[in-house]
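Inside the fold
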Amino acid sequence: MASLSSPSSSRPVKHQVFLSFRGEDTRNNFLAYLDQALQRKGIGTYIDSKELPRGEEISSALLKAIQESTISAIVFSKNYASSSWCLEELSKIIEFKDTKGLLVVPIFYHVDPSDVRKQTGSFQQAFAEHEKNRIDKVQEWRHALTQAGNLRGFHIKNDEHEPTIIEDIAQDVLKKLNRMSASDYEGLIGIGPQMEQIKSSLCVGDRENIRIIGIWGMGGIGKTTLAQAIYDEVFSQFESHYFLANVREESGEPGGITSLRDKLLSNIFEEKNLHISTPRIGSTFTIDRLRYKRVLVVLDDVSEVEQLEKLGVKHNHFGPGSRIIVTSKDKQVLRNGVVDALYEVRELNYDDSLQLFSLSAFKQNHPVDDFKDLSNRVLQYARGVPLALKVLGSAFYQKSRIYWESEMKKLKEHPHQKIQKILKISYDGLDETEKCIFLDIACFFKGYNRDDVEKILDSCYSGSALGGITNLIDRSLLYVAESNTLWMHDLLQEMGREVVRSESNKPEERSRLWTSKDVSEVLKKNSGTKSIEGMCLNMSNIVEPIKLRATALKRMIHLKFIKFYDSSEYRHSRKQKILLPAQRLKSLSDKLRYFYWEKYPLKSVPSNFCPENLVQLILPESDIEQLWDGDQNLVNLRVLSLRESGNLIRIPNLSQATNLEILDLYRCRSLVELPCLNHLKSLKGLYIQFCRNLKKFPEVPCHLDSLYLTGTGIEEVPDSVEHLLQLRELHMGGSKVKNVSSNIYKLGSLRSLYLIGCPFAEFPEVPRNLSSLMLLTLEMDGTRIQKLPSGVVKSLQVLTVMNCKYLKSLPELPPSLIYMSADGCTSLKEVSFADHNQTRFVGSYHGYFSFDHCFNLNHNAINNIVANELLRIHCLAKQLSKEFPRGSGDLECCCCFPGSEIPERFEQQSPNSSITVKLHPNRCRRRFLCFAICIVIHCTDENHEEFFFKDHQEFFFKGKCKLKSIDDDDDRSFKFGWSGICDDPVDLPHPDRVLIVFDGSGMFLKDKLYEEASFDFYRVGDLFGGSRDINIFVKKFGVHVFYEDADSKRKRSLSIGDEDEPEPKRFKGEAEDFSSEGEEPEDR
């Protein structure tokens, strides 16, 4: 026998539902109406009188009809059992239900289901007759009736409203068919998670509210495919539904949008040739009719808001529970269409991309072994765009490796035409300014900071760059990535560049040049023309230097962008690649906005150059001595960078550079002075690091944000610093600063202060206990300070004072501190922490405190360090118990200091590298364990000659903890580890160090009635040499256990018995609260 039909079968399906009924009871009333309701929903039905061709034997035809059906709806009526034909039909239906999976829907029409099930009432009378004539079939028929009567179905009583029940039956059948049908999703890879997100936004089960959902993304990303898949899955739950495809394309035809609107309404109202002559739905009657319909409508590829308006897409135009899905490449169209939710379709991940490509290229889910490398090159090119993956896969199907390699080379220069055509649709819909902005970014500014690009392009396009870039983002042609950088998909970039290539076969007649080949050719041949608006040259791709004529740029009168750069990995390998034998350029375009020339070979810019339009002037590692003579109009200049221009002796008069934001003179070592910069009202950052001949603190505007004076000859931070009220960063490491004015305490915005290696011996005290200073980062490594005022450290998160040989005290370190390094402070004796009784720390849960080589720490200092670290870990345990079961794997704390003994706080101690800890009984069953471990590491001097570094060795240790439970099934283990640096033991008076470590990935866990925990270090080694014995080993081991009860204030799902479970008693040795003596510990 043939198997049951499936909607995905290749042959056409005549019907899905077989209707079994007693003709004299229901043919001309109930059954007729049910048949019509099913037909309206697109469901094919089989009724013997209607479908059976004349002359064919009825029994065999019905048998085949039943076999080919997906569902059989049986209408049990008063006289159903009196027909032996109906009963025989029923027997076959039940047989196919059991053997072929036929779905049966019983409808009890004015009969009691128990009469069918037990053969009572009219069914009993009918069987009295059958037992006289068909005794051989009676038992089979009774069995079939009993089975059918036990199935869930519909019971229609005499007083019920039949049209409503008929609609319910039709809807139920439709749902069952949709659920049973094989999804025709062949080739739809990676679509599931995205479908689920959109379905979640659709809220199909909500029958009251109307929702409009927007699906947005670049061309070829799969918007239509995704909308179609969702439509196919949920359409059966709606009264009417329609998928209106190609709205953008068809609405462009004469009368196109009106035709689309009529097509949509005809399908919703189930009326042929419906026509509305007005541009919009003006008839209130038509709108009222729509409001009675619960519809699902997909409008695919909408490009204009007017299209939605003329199609009548509004919340108040459809019935309760309606859902409208709109796909578009333009985000703004969807916003204006008043969508309730917006979903952006993302690129496929690597695995899904590989599978989708393989289905087209190899007709299987994975690539052929010999083509794996080439397949990965295709994936790198397509970058998750389904259209490109399928098009290229089909193009490469059954082609040779040589063909693949040839086509991949070709794609580097010219994109595939089919892909180009689809992607270019969005570009063609832009206005002229937006097209220019898109091409500028595609050719020159991909990956640049958005604010910088907007400022550069604003000056080119009369201030319209912000709006243009926003529109490009809305149209899925650009996106903003991390650090506010502008990006576009590689395929879109290639599409844009192909637009430029199509301008001319000759590079010099194109508007933009970006390949080394084209730029080199134009410069060598001196063939530049007025067509060229921008050039970008990566000089690392040039083998032979380009000899530039003095007139090389003269004819490029519309040149707006120049970028000559060298991407060589190693700076010392960079050589001068553009030579000017005449040592001059006759002219530069006055339209230049962006001028970037690495290793610019001249001592100045051309004397006839007018920089009035310049937005960024960047000449790193140049031979510039001075830019120009006299004053220049620099009103548009935002960035001036001459970094590492070693011959620069002076900077120009910047009096007219009122919009200058960044002045970068890093390593301009010949520079001896700076002019007054107070007038630069827009200046945000001044960078003069390693300008060693600069001796004077610069005169800068009060609104400056960042000041980098590292490595300069500046000797003091003067009283005038008090005017820099908006300064956030001050870098003076390696400078000659000997004195810091107490006015620094007035800088309420200052967050980072770097004074590493400065020769001053004292940081000023807080004047009269008044300070606005709220530093977050203070780095003073290698200075001569002896103490730090509390007014400096009160808000710190990062403090480094490494190798401060005269530092004796670190008082009142704040709870906000998360990174502290005092390594090498050999005079340090006292360390204390502010607010020692607090139970929560400010800021991150990470912590690192290092006091390596602080050999003079007194007993109180070490006790304070240990207590602070355990308090920090305890607070973490409390927080983690409240947040459980959310992850804790990224939480770490570490503390180290010199010493050879495990502190007393760690009650469980061992004289070697392993230890077993007995755990306190868990009586509340709602407890968490938190382990803090402490080790003593010993370094010896054997194999000293094998150290990778002269003065220190990087090492790691790894360990394992095994937890034994009362219930053996709950035994578990976790691994832990840490890395660090052990200095050359020859230089260490005390080669032992103490480490306190907490790692949230394993050392915090839910207590499953654990009895003991066994810790063991199984590997200590060198980070680079692997398992080589580097003579660093764990000498002693200690453990402190925190027992943290589940927070009783948190809402929990109680299991049976939880309500009456008593609170546990506190056991000796449980986690201390570190409260002061005499105070009550916190109630857990």
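Residues numbered from 1 in each chain as written. Predicted model: local features only at pLDDT ≥ 70, side-chain atom pairs only at ≥ 80, totals over all residues. Heavy atoms only, no water.

1. Some remarks on the overall build of the chain
When its secondary structure is counted, the chain shows 28 helices and 43 strands. Buried residues in the chain amount to 52% of all 1084 residues. Considering only contacts in the chain between residues 6 or more positions apart, those separated by 24 or more positions represent 63%. Surface summary for the chain: the accessible area is close to 50100 Å², and the carbon and sulfur share equals 46%. (Helix = DSSP H or I, 4+ residues; strand = E, 2+ residues; numbered from the N terminus. Buried < 20%, exposed > 50% of the residue type's maximum accessible area, 1.4 Å probe, protein only. Contact = heavy atoms within 4.5 Å. Areas by Shrake-Rupley, 256 points an atom, 1.4 Å probe, with all protein chains shown as cover.)

2. Focus on the packing of helix H18 (residues 372–382) against helix H19 (residues 386–396)
It is at 10 Å that the axes of H18 and H19 come closest, and there the two elements cross at 145°. For the crossing formed where H18 meets H19, the hand is right-handed. Touching Val378, Leu379, Tyr381 and Ala382 of H18 are Ala388, Leu389, Leu392 and Phe396, all from H19. Here the contact of H18 with H19 is composed, by residue class, of eight nonpolar, no polar and no charged. (Axes fitted to C-alpha atoms, helices over the stretch in contact; angles between N-to-C directions. Left-handed = near helix turned anticlockwise from the far one by under 90°. Nonpolar A, V, L, I, M, F, W, Y, C, P; charged D, E, K, R; others polar.)

3. Some remarks on a positive patch on the surface
Side chains of Arg669, Arg692, Lys695, Lys736 and Lys738 sit close together on the surface and give a patch of like positive charge. The residue Lys736 is located in the loop between strand S25 (729–731) and strand S26 (739–740) in this model. The exposure class assigned to Lys736 is partly exposed, which follows from its relative accessible area of 46%. (Patch = residues over 30% accessible without salt bridge, like charges linked within 9 Å, V, L, I, M, F, W, Y side chains within 5 Å. Salt bridge = Lys/Arg side-chain N within 4 Å of Asp/Glu carboxyl O. Lys, Arg positive; Asp, Glu negative; His and termini not counted. Charge placed at Lys NZ, Arg CZ, Asp CG, Glu CD.)

4. Some thoughts on the sheet that holds strand S1 (residues 17–20)
Pairing in this open sheet of five strands is parallel, and the strands run S2-S1-S3-S4-S5 from one edge to the other. Every other strand in the sheet has two partners, leaving strand S2 (45–46) and strand S5 (154–156) as the edge strands with one partner each. Across two bridges, S1 lies against S2 in parallel orientation. Counterpart to Val17 in the pairing with S2 is Thr45. (Pairing = 2+ DSSP bridges.)

5. So, the pairing of strand S18 (residues 594–597)
In S18, alternate side chains face the same way, and those of Tyr594 and Tyr596 on one face and Phe595 and Trp597 on the other are all buried. With four bridges connecting them, strand S16 (residues 561–565) and S18 associate as parallel partners. By the bridge assignment, Phe564 is partnered in S18 with Trp597. Where S18 and strand S19 (residues 616–618) come together, three bridges link them in parallel fashion. Of the residues in S19, the one forming a bridge with Phe595 is Leu617.

6. Observations concerning the packing of aromatic side chains
For the structure on display, the rule yields 38 aromatic pairs. Arranged with centres 5.8 Å apart and planes meeting at 20°, the rings of Tyr231 and Phe235 form a pair that is stacked. For Tyr231, a relative accessible area of 10% puts it in the buried group. Just above the ring of Phe269 sits the side chain of Arg289; from NZ or CZ to the centre is 4.0 Å. The ring of Phe690 is capped by Arg667, whose NZ or CZ atom sits 4.4 Å from the centre of that ring. (Phe/Tyr/Trp six-rings, centres within 6.5 Å; stacked < 30°, edge-to-face > 60°. Lys NZ or Arg CZ within 6 Å of the ring centre and 35° of its normal.)

7. Here's the deal with helix H5 (residues 84–100)
Taking 1.5 Å per residue as the helical rise, H5 with its 17 residues ought to reach 24 Å, and the 23 Å between its terminal C-alpha atoms agrees with that figure. Listed in full, the buried residues belonging to H5 are Cys86, Leu87, Glu89, Leu90, Ser91, Ile93, Ile94 and Phe96. Backbone geometry just after H5 places Gly101 at a positive phi near 80°. (Expected span 1.5 Å × (residues − 1).)

8. Quick word on the packing of helix H23 (residues 450–458) against helix H24 (residues 465–474)
Two numbers describe how H23 lies on H24: the axes approach to 8 Å, and their chain directions differ by 125°. Overall, the two elements H23 and H24 adopt an arrangement that is oblique. Between H23 and H24, the residues in contact are Arg450, Val453, Glu454, Leu457 and Asp458 and Ala465, Leu466, Ile469, Thr470 and Ile473, respectively. (Parallel < 35°, antiparallel > 145°, perpendicular 65-115°, else oblique.)

9. Quick word on the nonpolar core
Of all hydrophobic cores here, the largest spans 160 residues; its most connected members are Phe595, Val801, Leu810, Phe851, Phe931 and Phe1015. Filtering out sequence-adjacent residues up to four positions away, Phe851 remains in contact with Leu810, Met820, Ala822, Asp823, Leu828, Val831, Leu857, Ile865, Cys896, Phe897 and Pro898. Counting residues in hydrophobic clusters, the runner-up holds 86 residues, among them Val391, Cys460, Met488 and Cys536. (Core = buried A, V, L, I, M, F, W, Y, C linked by side-chain atoms within 4.5 Å.)

10. Concerning the sheet that holds strand S7 (residues 240–244)
Spatially, S7-S8-S9-S6-S10 is the arrangement adopted by the five strands of the open sheet, whose pairing is parallel. Strand pairing shows two members of the sheet lacking a second neighbour, S7 and strand S10 (341–344), which therefore form its edges. The average undirected angle you get between the axes of adjacent strands in this sheet is 10°. The pairing of strand S6 (residues 211–216) with S10 spans four bridges and is classified as parallel. The partner of Trp216 across the bridge, within S10, is Glu344. The sheet contacts of helix H11 (residues 223–234) involve S6, S7, strand S8 (295–299), strand S9 (323–328) and S10, and relative to S7 the element is tilted by about 165°.

11. Describing the pattern of salt bridges
Any two side chains of opposite charge can pair, given that their charged atoms come close. Going through the model one piece at a time under the given rule, you end up with 49 salt bridges. A salt bridge links Asp992 to Lys1035; the shortest N-O distance between them is 2.9 Å. Of this pair, Asp992 sits in strand S40 (residues 992–999) while Lys1035 sits in strand S43 (residues 1032–1045), placing them 43 residues apart in sequence. Judged by its relative accessible area of 28%, Lys1035 is partly exposed.

12. What to know about a negative patch on the surface
A surface patch of like charges, here negative, comprises Asp967, Asp969, Asp971 and Glu1011. Inspection of the secondary structure puts Asp969 in the loop between strand S38 (952–965) and strand S39 (972–983).

13. What to know about the state of the cysteines
Throughout the structure, instances matching the rule amount to zero disulfides. Lacking any disulfide linkage, Cys443 is separated from the closest cysteine sulfur, that of Cys536, by 9.3 Å. Cys691 takes part in no disulfide bond, and the closest cysteine sulfur to it belongs to Cys668, at a distance of 5.3 Å. (Disulfide = S-S within 2.5 Å.)

14. Some points on the confidence of the model for the chain
Mean pLDDT over the chain: 85, with 87% of residues reaching 70 or higher. The low-confidence segment residues 50–58, where pLDDT is below 50, has 10 contacts with residues more than four positions distant or belonging to other chains. (pLDDT = per-residue confidence, 0-100.)

15. A closer look at the side chain of Arg323
Checked against the element boundaries, Arg323 lands in strand S9. Within the structure, Arg323 has its side chain in polar contact with the backbone oxygen of Cys203 (distance 2.5 Å). Sequence-distant contacts of Arg323, defined by excluding residues within four places in its chain, comprise Leu202, Cys203, Val204, Asp206, Asn209, Ile210, Arg211, Phe238, Val295, Leu296 and Val297. (Polar contact = N/O pair within 3.5 Å; in protein donor to acceptor, adjacent residues only side chain to side chain.)

16. What to know about unusual backbone geometry
The backbone of Asn246 sits at a positive phi, close to 55°, despite the residue not being glycine. If you trace the backbone, Asn246 turns up in the loop between S7 and helix H12 (247–251). Relative accessible area serves as the criterion here: at 34%, Asn246 is assigned to the partly exposed category. At Gln398, a position not held by glycine, the phi torsion is positive, near 60°. If you trace the backbone, Gln398 turns up in the loop between H19 and helix H20 (401–413).

17. Observations regarding H11
Spanning 12 residues, H11 covers 17 Å between terminal C-alpha atoms, matching the ideal 16 Å at 1.5 Å per step. If you check which residues of H11 are buried, you get Lys223, Leu226, Ala227, Ala229, Ile230, Tyr231 and Val234. Taken together, the buried residues of H11 touch helix H10 (192–202), S6, S7, S8, S9 and S10.

18. With respect to the environment of Leu379
Here Leu379 is to be found in helix H18. Expressed as a C-alpha distance, the spacing of Leu379 and Leu354, which sit 25 residues apart in the sequence, is 7.0 Å. Other than its neighbours up to four places away in sequence, Leu379 contacts Tyr350, Ser353, Leu354, Phe357, Gly384 and Leu389.

19. A word on the environment of Lys424
With respect to the secondary-structure elements, Lys424 resides in helix H21 (residues 417–428). Using a relative accessible area of 26% as the deciding quantity, one classes Lys424 as partly exposed. Separated by 205 residues in sequence, Lys424 and Gly219 place their C-alpha atoms 8.4 Å apart. The residues touching Lys424, leaving out its near neighbours within four places in the chain, are Met495 and Val499.

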